Amino acid sequence: MSRLKLEKWTPINGTSRDVGHFGPQFGPFHLSILKQFEDSLCAILGPDFPGAPYWGIQDDCKGTVDCPGTYYNAPNSVTAEIFFGTMNGNPDNLWQADTAFYGGILAGTPIKPFNWFKWPKLSQYYNGSKVGLMRSPDDEHTEPWALRYDTANVALVPGTGEPRASMGLGLDMPYSRKDYLRCANASLVKSVTDWSLCIDCATTGAMRLGGDPYVVETWANELSCLTHISFHNIMGSFGDPFNTAKTMGEARVVNTSPNEYMAFFLHHNSVVRNFQMWMDQSLKFNATMDNPDVLWDFPKQASTDPNDVPFIMPGTALDDVISPIMPFTDIMGFNIPRGVTFRDVMSFDWDKLYTFDTMNANEPCRPTMIGLGNA
């Protein structure tokens with residue numbers, strides 16, 4: 001698990017820039033780390049392992065016909081509180097997921113110190129948090145368990161105390177299956193950049209596209225762009241809505257969110273499932289999308305000017321190695337010593353190695369069921 005966490009963190013901490021989020025890199029980076037996760041499960045469970053588990057969070061927003069609240073805390077589901085714990089941590093102990101009631105199985109795994117003896121090559125990039133724990137380098141928290149702050153705080157606009165409009169559907173998850181499937185709609189989503197804009201609101205700003213009325217109206221103003229970040233916001237939240245930068249919960253910080261290892265992997269598998277659904281669907285609209293000179297229009301060059309529009313993060317061009325500090329060398333079934341590139345991931349037939357229970361966009365999402373081992 002420590003390796004998987006570090007593979008999530010080093011693309012951010014080791015480069016002073018995020019080469020795994022907020023741009024076209026999002027899909028292939030997360031596909032890579034989650035394939036590594038699936039390989040780890042295969043190594044433990046053997047040949048009977050049925051495929052990558054995921055949590056269909058889009059079926060868990062409550063209060064409307066489209067959002068009945070299907071899986072979270074449903075009987076016999078891994079998202080039941082007996083395994084998953086509660087969305088909020090223990091209010092009597094600094095909001096930590098410190099007991100089985102608040103943290104589920106996570107309560108048995110306190111956050112460990114960074115072991116630089118085990119990862120000596122990483123020490124020039126990362127040495128743990130300010131107190132040496134496996135958290136963000138600027139994190140000062142000494143609490144040993146994951147922090148799940150009050151979800152009510154994330155429903156407020158930071159620093160104002162005013163209600164956040166995007167949380168209008170409730171505190172569980174503010175987007176529905178309709179919003180989730182919007183990002184897999186190949187008639188709307190025409191490129192890997194479009195998909196990244198659709199799945200995460202922060203991509204619009206990171207790519208300097210906030211001044212483009214089409215981008216804002218089509219992507220940033222739609223609930224679908226909460227598909228990725230809602231898990232981070234709601235499960236992590238803020239300890240103080242007026243001082244959000246210093247009081248973010250475990251899941252709210254991008255590079256500490258794998259400490260919520262159960263929810264993190266289940267949720268991000270669902271996001272990557274959407275990515276693969278979109279790629280499959282796009283080939284029906286444009287059969288050339290998987291051609292080597294197209295590859296879903298993944299950018300071939302990174303930006304050299306910080307004012308470029310759109311801004312393509314250095315290190316995220318098509319032929320760049322994904323996360324070169326800690327590269328993915330063996331996720332394709334054979335060893336690639338230099339590590340896989342974005343081209344490798346975008347051109348590989350993942351249906352051969354990376355499997356979900358169904359890639360049919362009209363089928364319901366099923367979380368892992370106890371005794372079935374299928375998702």
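The structure contained in this document is the topic of the report that follows.

What counts and what doesn't
- Residues numbered from 1 in each chain as written.
- Predicted model: local features only at pLDDT ≥ 70, side-chain atom pairs only at ≥ 80, totals over all residues.
- Heavy atoms only, no water.
- Helix = DSSP H or I, 4+ residues; strand = E, 2+ residues; numbered from the N terminus.
- Buried < 20%, exposed > 50% of the residue type's maximum accessible area, 1.4 Å probe, protein only.
- Contact = heavy atoms within 4.5 Å.
- Areas by Shrake-Rupley, 256 points an atom, 1.4 Å probe, with all protein chains shown as cover.
- Core = buried A, V, L, I, M, F, W, Y, C linked by side-chain atoms within 4.5 Å.
- Axes fitted to C-alpha atoms, helices over the stretch in contact; angles between N-to-C directions.
- Parallel < 35°, antiparallel > 145°, perpendicular 65-115°, else oblique.
- Left-handed = near helix turned anticlockwise from the far one by under 90°.
- Salt bridge = Lys/Arg side-chain N within 4 Å of Asp/Glu carboxyl O.
- Phe/Tyr/Trp six-rings, centres within 6.5 Å; stacked < 30°, edge-to-face > 60°.

**As for the overall build of the protein**
Step number 1: From N to C terminus, the protein includes eleven helices and two strands.
Step number 2: Its helices and strands taken in sequence order, the protein reads α-α-β-β-α-α-α-α-α-α-α-α-α from the N to the C terminus.
Step number 3: In the protein, buried positions account for 54% of the 375 residues.
Step number 4: In the protein, 62% of the contacts between residues at least 6 apart in sequence involve partners at least 24 apart.
Step number 5: Total accessible area computed for the protein in this model is approximately 15,600 Å², and 55% of it derives from carbon and sulfur atoms.

**Overview of the nonpolar core**
Step number 1: The biggest cluster of nonpolar side chains holds 67 residues, and the ones touching the most others in it are Trp-195, Phe-275, Trp-278, Trp-296, Val-340 and Met-346.
Step number 2: The set of elements that each furnish at least two residues to this core consists of helix H2 (26-45), helix H6 (192-199), helix H8 (213-220), helix H9 (229-236), helix H10 (261-285) and helix H11 (342-347).
Step number 3: Take this core: its biggest share by element is twelve residues, from H10.
Step number 4: Look past the residues within four positions of Trp-195 in its chain and what remains in contact with it is Phe-26, Gly-27, Cys-183, Val-189, Val-271, Asn-274, Phe-275 and Trp-278.

**A word on the environment of Glu-81**
Step number 1: Locating Glu-81 in the fold gives a position in helix H3 (residues 81-84).
Step number 2: Taking the relative accessible area as the measure of exposure, Glu-81 reaches 27% and is therefore partly exposed.

**A few points about the packing of H9 against H10**
Step number 1: One can describe the packing of H9 onto H10 by two numbers: an axis separation of 10 Å at closest approach and a directional angle of 155°. As judged from the angle between their axes, H9 and H10 are roughly antiparallel. Between H9 and H10 the crossing geometry is right-handed. Contacts between H9 and H10 pair Phe-231, His-232 and Met-235 from the former with Ala-263, Phe-264, His-267 and His-268 from the latter.

**Points about the pattern of salt bridges**
Step number 1: Tallied over the entire structure, the rule returns seven salt bridges.
Step number 2: Salt-bridge contacts for Glu-260 lead to Arg-148; the nearest nitrogen and oxygen are separated by 2.8 Å. Remark: Arg-148 occurs in the loop between helix H4 (100-103) and helix H5 (177-182) and Glu-260 occurs in the loop between H9 and H10; sequence separation between them is 112 residues.
Step number 3: On the basis of relative accessibility, which here comes to 2%, the residue Arg-148 falls in the buried class.

**Structural notes on the packing of aromatic side chains**
Each aromatic ring pair is summarised here by two numbers: the centre-to-centre distance and the angle between the ring planes.
Step number 1: Applying the stated rule across the entire model yields ten aromatic pairs.
Step number 2: Centroid distance Phe-29 to Phe-328: 6.2 Å. Interplanar angle 65°. Geometry classified as edge-to-face. Of this pair, Phe-29 sits in helix H2 while Phe-328 is found in the loop between H10 and H11, placing the two residues 299 residues apart along the sequence.
Step number 3: Looking at Phe-29, the relative accessible area reads 0%, which means it is buried.
Step number 4: For Phe-328, a relative accessible area of 0% translates into the label buried.
Step number 5: Ring centres 6.2 Å apart and planes at 25° place the aromatic pair Phe-275 and Trp-278 in the stacked group. Of the two residues, Phe-275 and Trp-278 are both situated in helix H10; the distance of three residues between them amounts to about one turn of the helix.

**Description of the side chain of Ser-196**
Step number 1: Position of Ser-196 among the secondary structure elements: in helix H6.
Step number 2: Judged by relative accessible area, which is 1%, Ser-196 ranks as buried.
Step number 3: With residues near it in sequence (within four places) discarded, Ser-196 still touches Gly-23, Pro-24, Phe-26 and Thr-203.

**Examining the packing of H6 against H10**
Step number 1: At their nearest, the axes of H6 and H10 sit 11 Å apart, and the two run at 145° to each other. As H6 runs across H10, the sense of the crossing is right-handed. The residues of H10 that touch H6, namely those facing Val-192, Trp-195 and Ile-199, are Val-271, Asn-274, Phe-275 and Trp-278.

**Section: unusual backbone geometry**
With the exception of glycine, most residues fall at negative phi, and the peptide bonds are largely trans.
Step number 1: Omega for the peptide link from Val-309 to Pro-310 comes to -5°, which places this bond in the cis form.
Step number 2: Mapping Pro-310 onto the fold places it in the loop between H10 and H11.
Step number 3: Phi angles above zero are rare outside glycine, and Ser-237 is one such case at about 55°.
Step number 4: With respect to the helices, strands and loops of the structure, Ser-237 is situated in the loop between H9 and H10.
Step number 5: In this structure Ser-237 comes out as buried when scored by relative accessible area, which is 0%.
Step number 6: Positive phi is not limited to glycine here, since Asp-297 has a value of about 60°.
Step number 7: Counting through the fold element by element, Asp-297 comes out in the loop between H10 and H11.

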